[in-house]
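Residues per chain, in single letters:
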Protein chains: 2
Amino acid sequence: MPNPLVSDRFIDFLLSEVLDAEGLCRLPAFSEHSRATFRPWLDACRRVAREVLWPAYEPMDHKPPRFDNEAVLVHPAMRECWSSLVSLGVLNATRPPAVGGQHLPLTVATLAHAYLMAANLSAYGFAGLTSGAAHLIEVFGADEVKALFLAPLYEGRWTGTMALTEPQAGSSLGDVSTIATPAADGRFRLRGAKLFISGGDHDLTENIVHLVLARIEGAPAGTRGISLFAVPKRRPHEGRLVDNDVVTSGLIRKIGWKGLPSVALSLGDDGDCLGWLVGPEHQGLKCMFQMMNEARLMVGMNAAATASVAFHEALEYARVRRQGRALGVNDPAQPPVALVEHPDVRRMLLRQKAIVEGAFAVIGLAARFADVSEHAPDEATRSEAKLLLDLLTPIAKSFPAEKGFEANTLAVQVHGGYGYTSEYLPEAWLRDQKLNSIHEGTTTIQGLDLLGRKVVAGGGAALAALERHVRAAIAEAKAKDLTFIEPLEQGLEHLLRVTATLGGRGVSGDVAGMLAHSADYLDLASTVIVGWAWVSMATRAHGRGDDFSRGLTQAARYWLATELPRTSHLAHLCESNESSYLDLRDEWLG
Amino acid sequence: MPNPLVSDRFIDFLLSEVLDAEGLCRLPAFSEHSRATFRPWLDACRRVAREVLWPAYEPMDHKPPRFDNEAVLVHPAMRECWSSLVSLGVLNATRPPAVGGQHLPLTVATLAHAYLMAANLSAYGFAGLTSGAAHLIEVFGADEVKALFLAPLYEGRWTGTMALTEPQAGSSLGDVSTIATPAADGRFRLRGAKLFISGGDHDLTENIVHLVLARIEGAPAGTRGISLFAVPKRRPHEGRLVDNDVVTSGLIRKIGWKGLPSVALSLGDDGDCLGWLVGPEHQGLKCMFQMMNEARLMVGMNAAATASVAFHEALEYARVRRQGRALGVNDPAQPPVALVEHPDVRRMLLRQKAIVEGAFAVIGLAARFADVSEHAPDEATRSEAKLLLDLLTPIAKSFPAEKGFEANTLAVQVHGGYGYTSEYLPEAWLRDQKLNSIHEGTTTIQGLDLLGRKVVAGGGAALAALERHVRAAIAEAKAKDLTFIEPLEQGLEHLLRVTATLGGRGVSGDVAGMLAHSADYLDLASTVIVGWAWVSMATRAHGRGDDFSRGLTQAARYWLATELPRTSHLAHLCESNESSYLDLRDEWLG
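Small disclaimer: the values here were computed from a predicted structure and weren't measured.

## Examining the pairing of strand 8 (residues 234–237) of chain B
Residue and element names in this part refer to chain B.
Move 1: With 4 bridges joining them, strand 8 and strand 9 (residues 240–243) adopt antiparallel strand pairing. When the bridges of strand 9 are listed, proline 236 appears paired with leucine 241.
Move 2: Here strand 8 folds back onto strand 9, and the loop between the two strands holds 2 residues, one of which, glutamate 238, carries a positive phi near 50°.

So, in structure tokens, the structure goes:
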């Protein structure tokens, strides 16, 4: 059987029975939509993913872009991928008709796009970056800037990038040192070096628009002096495009996402790089961060999708490959059994399923809160949804990245010696996956964000809202006589208790003490929230006798029995402030 | 600072203060040895590792061997590596003078060879395979076979391989189908296909000797019908070497160990492949398994060494790379701090140290039991040591492979975006590492081996012996007032209790029930045994005020506080026989 990339049955179930996607159509913004409009979008994404992007994945992984010191040349297969993605309408699917979009709920779009990501992460990457850049300009750009850039980006004639990182400024964006000097005409002259710019150069479209973080000459130091600019590779000049002094100084040799070139850029070496301010001066990081939830959900979905395609590959392999006999059977005359017959292989497969589908569900929940937070008619609903979105985002980003990497590792392991070769695909997805714990905020940063900003936001209102949702799910599960949900109740208690303790430390001024175990706290909160997602899904599936529903129940049981009990220990580490690495000194490390 | 590969201070400490390497010289077999003979060996291995193998690592990783359908051509840098390894005497360092060796204790050799592995896993791989093949012939070969093969192998004029795997027989060696037909002269004609044969073809030496598992025509099916053969690439004939019908049918595109070619071999396509029986007919697997402890300790050390070199790289990077400010400091005018100043980075580094040095210690303990089991004058001491060696081997193999992979992942993570590029080395070690959970018995197999064979061996005598050692270490730690060892006591209780429960299931005939959570049991036992190693080390280091000793104490504290408490949960999973993946059916998985 060909790899389905993502399970149709699961996505349909998640959208209709867990996330109530149709219910979103009651929001005025989505009143034009219905099941009848969601379905063609899902079908179209599935088709493009399976028929166009997927066949191009392996060739693109094996033959990365070349840089001949003049131009960066992408794999030829990328052209058809790009035109299919553009025709599909993926660049502005969630945007309103005013900018050519069909205003799909993010919930629906995100889960449909999972197929495209699972099929070919690099190909989708061009679209995700272009979409993100255009969205920034749409929201923050002045009319002139929108007039110049928006249509070409949303129409896929140009692509976009996020040009944040510099050689000395990665996680610490406050240290960005690219300089923007006001030009006479309201534009700015930029000078600086940018690094790891995905899609930063290529021969796929006639132009590229970089969304660049830079410091206007004389601006305050740190994060409060950073502005956002649209800096095209070639700038419009008298009706044509002319070179804008954006030079590719190197092509990065990445270990994954091989189809998407990542480059080092020099801006303004010849003093002729012009940029258009996007948003207010010195508010660049703030603009960027307003888009951060969306960007981080996208990375989370990249990760979940990458784990999904590998899970399905491993599952098929385990069904087809025969090796060994059942435990206790020593008769060599009997034929070997399929790998999936071995309990420990089933454990590895069920663990992958629990991670993959748990991740999809959490991202789906976050996306739904995003839709509600933007479009609910009443302020109270919007603001509660926004709190929950903000709370879930670091988890929806880091859980799929970290546990997805574990799932991808298991997919390699299930393939045995064959998994260690590039004749099989699991190793490629393992390489692709590793980026997701690094870009758009490392896992360390997600932990600090969750604990230092999100849970204390609104005086603890976010966690209180979460608690209500989780308790409602528990009550519903109990009403249906689900017998295995106790570990979620305990996990929730641990989460609440630890949060109170750590919050107390923060309030008393001990910020370092509050954040010392942010990694354990992130793990704890993620485990509980994925547990909530699994209980919600198992409640829907409960009592049905079909294979699909039984599989969901087993994955839920697995997650609750094997992962939720860890929260007790994680809580203890946070509360006791276990200090082995806190009072450790550099020179003791050897 | 150049990467030290492995910490000299740590290895010296481990050998002299924890493993009492000098004490081994009281055994008659090692009476010629002393600290004065160990030291030059360590120094020489360190020098060759740092000066010869290490500079060749990156070039060999970047330019793997080529296969032109005639010959497999290794990287030119491999030649100097090989001649240095041969001159060093690494091929027979642990073998007696009768075969040209210096009869070093395995304990000393293993820890010295860690440097060579950390420097260049592929280069060492040629030596490890050659050594293993020669050792098999030395132990099981008839005089004629030894006369033909032993000297060229131990002298490094030829290399050796282990040719076990076939396309349809990986983990399940009982399904090997290569056929050996007796020839008139006592030799055998072989015919079959072998896969993933590391070092199976190359242009480094004039000949290669494959130790091949095959089935003599008419032999019983399954493991009891498999014999071992020495099958040279070119066979000695009238004073010269002639082609032996061993044909390379393909070069495997591996993801790591890139310097060591792995090939598919066709034996006897033209009916002219001759092999020499090694050991008794039909006892091939048994011979192979008698060498298995050594082979698995070597894989464990490959893994620990690969995690070590990455840890040291990450540590240096974290000291040099400046990024961000301390938690709570928002003053952009202050210079960025080194990564190592961030608590979560220190956590990642301390975790790597705890894994790497814990792994070295467990492998060192196993190697010491190997030395004692082979050379102690009295039978009782030998057999207790053998039980402990057998018990520790699956852990010394799988713990470094699994947790080492996690450590290697953390080393990439510490490098941030740079870690995602092949300009930096951590990604290469991550690729190298992945093989270690697959070859020489997957982690699944190690778990089944530990629980199904090792702990029940001798009526539970192995675990009883282990318990005595762990309790002695705990008593010693208590006498020195170590305050953090309680989790080890609890972990030990969990291990003993679970073993009794599972053993009871096995005795009552429920083998499947006993083995259902073999992965959790392996995790539990590994965590306890690494905990024992850390308590032993911390006891030695206790009360000393130097940086090195303090670092050991912190790593021990970290391991006991963060890992040992997991044993309670793992024990529960085993005892309750949590059944989510046991009663799962294939068709439910999606």
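## Some remarks on the interface of chain B and chain A
Move 1: Taken together, the contact between chain B and chain A spans 79 residues of the former and 76 residues of the latter.
Move 2: Considering each element in turn, the side of chain B that touches chain A owes the most residues, 9 residues, to helix 18 (residues 547–562) of chain B.
Move 3: Classifying every residue of the side of chain B that touches chain A by side-chain character gives 33 nonpolar, 27 polar and 19 charged.

## Focus on the environment of glycine 503 of chain A
Residue and element names in this part refer to chain A.
Move 1: On the secondary structure map, glycine 503 appears in helix 15 (residues 486–507).
Move 2: Exposure remark for glycine 503: the 17 C-beta atoms within 10 Å place this residue in the partly exposed category.
Move 3: Along the sequence, glycine 503 and leucine 315 sit 188 residues apart, while their C-alpha atoms lie 43 Å from each other.
Move 4: When residues no more than four places from it in sequence are discounted, the contact partners of glycine 503 are Val456 and Gly460.

## Quick notes on helix 12 (residues 426–434) of chain B
Move 1: With 9 of 9 residues buried, helix 12 of chain B lies mostly within the body of the structure.
Move 2: Those residues of helix 12 of chain B lying buried are Pro426, Glu427, Ala428, Trp429, Leu430, Arg431, Asp432, Gln433 and Lys434 of chain B.
Move 3: Considering only its buried residues, helix 12 of chain B is in contact with helix 10 (379–414) of chain A together with helix 2 (35–62), helix 5 (121–140), helix 8 (292–320), helix 10 (379–414) and helix 11 (416–419) of chain B.

## Here we look at the domain arrangement of chain A
Often, the extent of an interface is quoted as the loss of accessible area on bringing the components together.
Move 1: Partitioning chain A into structural domains gives domain 1 (8–144), domain 2 (158–289), domain 3 (292–440) and domain 4 (442–582).
Move 2: Each of domain 2 of chain A and domain 4 of chain A has a C-alpha centre, and these two points are 39 Å apart.

## Some details on the relation of the copies chain B and chain A
Move 1: Screw-axis analysis of chain B against chain A gives a translation of 0.0 Å along the axis, an RMSD of 0.0 Å, and a rotation angle of 180°. Put plainly, the chains are arranged around a two-fold axis. When C-alpha positions in chain B are compared against the rotation axis, the closest is assigned to arginine 566 of chain B, at 3.7 Å.
Move 2: An overlap of 96% is found between the interface residues of chain B and their copies at the interface of chain A, pointing to a shared contact surface.

## Some thoughts on helix 9 (residues 343–375) of chain A
Since the α-helix advances by 3.6 residues per turn, residues separated by three or four positions end up pointing in the same direction.
Move 1: Given a rise of 1.5 Å per residue, 33 residues ought to cover 48 Å, and the 47 Å separating the end C-alpha atoms of helix 9 of chain A matches this to within 8%.
Move 2: For helix 9 of chain A, the tally of buried residues reaches 30 of 33 residues, placing the bulk of the element in the interior.

## Section: unusual backbone geometry
Move 1: Even without being a glycine, asparagine 577 of chain A presents a positive backbone phi close to 50°.
Move 2: Counting through the fold element by element, asparagine 577 of chain A comes out in the segment after helix 19 (566–576).
Move 3: For asparagine 577 of chain A, a count of 16 C-beta atoms within 10 Å gives the class partly exposed.
Move 4: Even without being a glycine, aspartate 245 of chain B presents a positive backbone phi close to 60°.
Move 5: With respect to the helices and strands, aspartate 245 of chain B occurs in the loop between strand 9 and strand 10 (246–251).

Cut-offs and rules
Residues numbered from 1 in each chain as written. Chains lettered and ligands numbered in written order. Predicted model: local features only at pLDDT ≥ 70, side-chain atom pairs only at ≥ 80, totals over all residues. Pairing = 2+ DSSP bridges. Helix = DSSP H or I, 4+ residues; strand = E, 2+ residues; numbered from the N terminus. Contact = placed C-beta atoms within 7 Å. Nonpolar A, V, L, I, M, F, W, Y, C, P; charged D, E, K, R; others polar. Buried ≥ 20, exposed ≤ 12 C-beta atoms within 10 Å, placed from the backbone. Domains from an automatic or database assignment. Least-squares fit on C-alpha atoms with pLDDT ≥ 70 in both. Expected span 1.5 Å × (residues − 1).

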